[in-house]
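Inside the fold
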Amino acid sequence: MSARGVLVSAVVLSVLAAPLSARAQAQQELSADQVREAIRQGREYLLSQQDGAGRWDEMTDYEGGVTALCTLALLNSGVEPSNPKIQKALNYLRSLELSKTYTVSLQTMVLCAAEPARDMPIITRNVHWLARVQIVNGARAGSWSYPLGPDVGGDNSNSQFAVLALNEAEHVGVKVDPKVWKLAAEYWKDCQNPDGSWGYQPVVMPGSGSMTCAGVGAWIICSGKVGKPAAEATAAGVQCCMPPEKDDTLERALVWLGRNFTVQRNPGQGGAGSQWHYYYLYGLERVGRLSAHRFIGDHDWYREGAQFLLSQQDRFAHNWIGEGHSEDRPHIATALALLFLSKGRRPVLMAKVIHGPDEDWNNHPTAVANLTGFVEKQWGLDLTWQVINPQTAEVDDLLQAPVLFISGSKPPELGGLEQKLRSYIDRGGFIFAEGCCTDPGPFDGGLRKFLAKVFPEGEYKLRLAGPEHPIWRIDRPVRPNSPYVGRLWTIEYGCRTCVVFSEVDLSCYWELMGRGRLEGVPENVKQRIEDANTIGLNVLAYATNREPKGKEEAFTSLDSPEVADMKGRGVIQVAKLIHGGGANDAPGALANLLRAAAQGDLRLPVALQQFDVRASDPNLPRFVFAFMHGRHDFRFTPEERENLRKYLLNGGTLLADAICASQEFADAFRREMAEVLPNHKMARIPIDHPIFHDVGEKYDITQVSRREPAAAGAADQPLRSRVQKVQPELEGIEIDGRLAVIFSPYDISCALEQHEALQCRGYTREDAARIALNVLKYAMAPDAGVAAAGPVSKR
């Protein structure tokens, strides 16, 4: 589940937001495929180790504990509850009536993750048991311990597991006594060390990484249950932007973790180095996810942790083995490693942008967390969110979040970020903004001025979203009399909307979703909350196509030396042909293609810069490859036709596509090619041509996925496009046995912009990129395999 109840201060975020260029230089290359394969192999190892009774190697004093931990890891790493081995484990766990904090907590977490509706009686029983055994008196009130007698005090390890279990139980609908949360919150706050760390017990013990991570996770959860809200709804109405409580518990802990950060061992004087190392990593994942931080100190915690774990995975058994204190048992170490890799890679749905003045960006601290949790339930996905400082982030860092959320009540201090955010948008990013606290407020004018600098072109301006826009119904219909109707503004950028701005408060009502604040609230306020949820859901569905990507997708970085070298001599430069039929209607398409060519598996030697030229440009022969797209009718001049004819006859290659399968552009392109090359005919490229399969197994595109536009449907029905498997339809013109012109009558460019519009007929993002990369690879070696392919078929 996503982080909830996080109060993030600007102070700690400035500490944690070190310049990212230094980080990038220190990062070793790690691919998404490597991470996914490590998870798959670890998962298969654990499945192979289950015994006939559904158990794993149990510890004598903790019946059910190892089995619950392994089952939890498998569920989080992609094994479905219906899997026969998971069912066998669940049946075993259901048969146990446990009486130790660790095992009761782990059993509870597993049942909440698998089939909570079926197991609600056991979950409820365990919640009552954990509430009953919580220590309520003395210096350790609010903690949990080993049930060894009334004089045994609580400790931070048992207490962490109890808090995690109770939190998961509440997520599936079991009510936890507020007194339990209050006592636990007070306990975790009081037992923090002066330096910000936590030790194993609530006395001044040296802090360790594992216990500080336990403290951070437990504090975020518990304080979120009992802290003062930033929005409140009563019978008298709604109060937004309430001043938060001042508390530095989280700030001090994150500073300690940043200062002592490592993934090579369990840090701190109480860490004992290699002891509890995998347990520490299990907690570190939770710190990053619940605090919504990609970086701890100047460390990308998931990337570094994944690199370490992949280096430690046994090459043959595919398990992990630690040192001492149970981690020398491969079932335990492997389960903890899988929990880090699987939960830590959850896709980032959106990132909350830090900006001035002061902390105006954070008027409703839990709003984005609450919305993320709502979207998780609607889409059936595990998601997370982040906070990000755009002043120190690079564009690649911003792109880990498909949506940037900018909120405030005053003019936002975003000066100097115009080009960075424009680059973010050009590469597929999306901005979701709202003015909060007042209606309308000073934020409105300030944001409009900023966006006018991001988009100085006259055609890209904020306009009211019309009733036909998908954001009104893509996932759920917005009721016609909602106060948001007529108050949402958009910027249309090429194929897509790239900005949605609500001039009225959304985050206040997302904030109200948390902690059961709706008892006694008037129905009109509940309806407003529903409206805000629906707007948030719809905007995120539009921006992400309901397909946010895991964190590991960003692991191959443009900062790698191989890619950095692709800016000078010895690289192929690509021309973008300018014409009057919408040459810039997908402005980020070619740039994203070049980036994918340089940084992906193919590592093609292409320059990252695109060169905009007209077909008549005398420099056109310098380019081996040219690209064009459009959505309207156009005509080349006689001079352009002649120059393009010479270019193609002398070895140049042209790739073109009709944006969103525009028939108007397709007809114009075919007509113009007939004028440019009157002695050569455009024809369908046969599926056995090398362009479809000679690049490599991953780039065999003889079968691809193509989207058909969403049907209009009833006004109260969500919009869904239809995806079908097809053979790609490419047309070509051959000159002397090579394809000189390749044309797709179906959209490639909008998909290359990382967006698949609901009303756009064309290939999916992944397959559009594979098609374009195959063509580019073919153009760089046009003679490879051509003779065996035979001629293209006639239209």
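Parameters and conventions
- Residues numbered from 1 in each chain as written.
- Predicted model: local features only at pLDDT ≥ 70, side-chain atom pairs only at ≥ 80, totals over all residues.
- Heavy atoms only, no water.
- Buried < 20%, exposed > 50% of the residue type's maximum accessible area, 1.4 Å probe, protein only.
- Helix = DSSP H or I, 4+ residues; strand = E, 2+ residues; numbered from the N terminus.
- Pairing = 2+ DSSP bridges.
- Axes fitted to C-alpha atoms, helices over the stretch in contact; angles between N-to-C directions.
- Parallel < 35°, antiparallel > 145°, perpendicular 65-115°, else oblique.
- Left-handed = near helix turned anticlockwise from the far one by under 90°.
- Contact = heavy atoms within 4.5 Å.
- Nonpolar A, V, L, I, M, F, W, Y, C, P; charged D, E, K, R; others polar.
- Polar contact = N/O pair within 3.5 Å; in protein donor to acceptor, adjacent residues only side chain to side chain.
- Core = buried A, V, L, I, M, F, W, Y, C linked by side-chain atoms within 4.5 Å.
- Salt bridge = Lys/Arg side-chain N within 4 Å of Asp/Glu carboxyl O.
- Phe/Tyr/Trp six-rings, centres within 6.5 Å; stacked < 30°, edge-to-face > 60°.
- Lys NZ or Arg CZ within 6 Å of the ring centre and 35° of its normal.
- Disulfide = S-S within 2.5 Å.

On any regular strand, side chains alternate: one points to one face of the sheet, the next to the other face. Burial analysis of strand β17 (residues 704–708) places five of its five residues in the buried class, the great majority of the element. Residues V704, R706 and E708 of β17 are buried on one face, and the alternating residues S705 and R707, pointing to the opposite face, are buried as well. For β17 and strand β18 (residues 722–726), the ladder comprises five bridges, and the chain directions are antiparallel. Bridged to R707 within β18 is V723. Taken together, the two bridges between β17 and strand β21 (residues 762–763) define a ladder with antiparallel strand orientation. If you follow R706 over to β21, its bridge partner there is Y763.

In contact at an axis separation of 10 Å, helix α10 (residues 209–226) and helix α11 (residues 249–259) are set at 155 degrees when each is read in the N-to-C sense. As summarised for this structure, α10 and α11 are arranged roughly antiparallel, according to the angle between their axes. Every pair of crossing elements has a handedness; the one defined by α10 and α11 is left-handed. Contact with α10, carried on its side by G209, T212, C213, V216, W219 and I220, involves T249, L250, A253, W256 and L257 of α11 and no other residues of that element. Among the residues forming the contact of α10 with α11, the class breakdown is eight nonpolar, three polar and no charged.

Let us now look at the side chain of H293. Examined against the element boundaries, H293 turns out to sit in the loop between α12 (277–290) and β3 (295–296). Within the local environment of H293, its side chain forms a polar contact with the backbone oxygen of S291, the two atoms lying 2.7 Å apart.

Attention now moves to the sheet that holds β21. What links the strands of a sheet is backbone hydrogen bonding, and the strands pair in either a parallel or an antiparallel sense. Pairing in this open sheet of three strands is antiparallel, and the strands run β18-β17-β21 from one edge to the other. Edge positions in the sheet fall to β18 and β21, since each of these pairs with one other strand and no more. The strands touched by helix α26 (residues 765–780) are β17, β18 and β21; relative to β17, the strand with the most contacts, the crossing angle is about 125 degrees.

By size, the foremost hydrophobic cluster in this structure holds 94 residues, and its most contacted members are L46, W188, L284 and L309. L383, V478, V500 and V525 belong to the second-largest nonpolar core, a separate cluster that totals 46 residues.

Turning our eyes to something else, we now look at the pattern of salt bridges. Following the criterion strictly, the structure yields 40 salt bridges and no others. Salt-bridge contacts for D444 lead to R448; the nearest nitrogen and oxygen are separated by 2.5 Å. Of the two residues, D444 and R448 both sit in helix α18 (residues 442–454), four residues apart, roughly one turn of that helix. The buried category is assigned to D444, whose relative accessible area is 12%. The salt bridge involving R614 is made with E640; its shortest N-O contact spans 3.3 Å. Here E640 lies in helix α23 (residues 638–649) and R614 lies in strand β13 (residues 606–614), a separation of 26 residues in the sequence. Judged by relative accessible area, R614 falls into the partly exposed class, the value being 40%. According to the relative accessible area criterion, E640 is buried, its value standing at 5%. Each member of the salt-bridge network shares a partner with another, and the members are R94, E115, R118 and D119.

Turning to the packing of aromatic side chains, a few remarks are in order. Across all of its chains, the model carries 24 aromatic pairs by this definition. What links up through ring pairs into an aromatic cluster is the set Y62, Y102, Y146, F161, Y279 and Y282. The ring of Y62 carries K100 above its face, with NZ or CZ at 4.7 Å from the centroid. Geometry around Y282 places R286 over its ring, the cationic atom sitting 4.5 Å from the centre.

Our focus in this paragraph is unusual backbone geometry. Of note, the amide linkage connecting G356 to P357 takes the cis form, showing an omega dihedral of 5 degrees. Within the element layout of this structure, P357 appears in the loop between β5 (348–353) and α15 (367–379). Unlike most non-glycine residues, N545 shows phi in positive territory, near 55 degrees. In this structure, R546 takes a positive phi of about 60 degrees despite not being glycine. As for its position among the elements, R546 is in the loop between α20 (523–544) and α21 (561–564).

Taken in spatial order, the seven strands make up an open sheet running β6-β5-β7-β8-β11-β10-β9, and their pairing is mixed. Lying at the two open borders of the sheet, with one neighbouring strand each, are β6 (384–388) and β9 (463–464). Both strand β7 (residues 403–408) and strand β8 (residues 430–435) contribute to a ladder of six bridges, which runs parallel. Bridge pairing links F405 to F432 in β8. Where α15 meets the sheet, it contacts β5, β6 and β7, and its direction lies at approximately 165 degrees from that of β5.

Turning our eyes to something else, we now look at the state of the cysteines. The tally for this structure, following the rule as stated, stands at four disulfides. Bridging C241 to C437, the disulfide has an S-S length of 1.7 Å. Note on the C241 and C437 pair: the S-S dihedral is about -90 degrees, so by sign convention the disulfide is left-handed. With C241 in the loop between β2 (237–239) and α11 and C437 in the loop between β8 and α18, the pair connects residues that are 196 residues apart, well separated along the chain.

Here we come to the pairing of strand β19 (residues 731–735). Across the five residues of β19, five count as buried, placing the element largely inside the fold. Where strand β16 (residues 683–684) meets β19, two bridges bridge the pair, whose relative direction is antiparallel. The residue bridging R684 from the neighbouring strand is E731, located in β19. The sheet contact formed by β19 and strand β20 (residues 738–744) spans five bridges and is antiparallel. Looking across to β20, one finds that I735 is bridged to R738. Between β19 and β20, which pair antiparallel and follow one another directly, the connecting turn spans two residues, one of which, D736, has a positive phi of 55 degrees.

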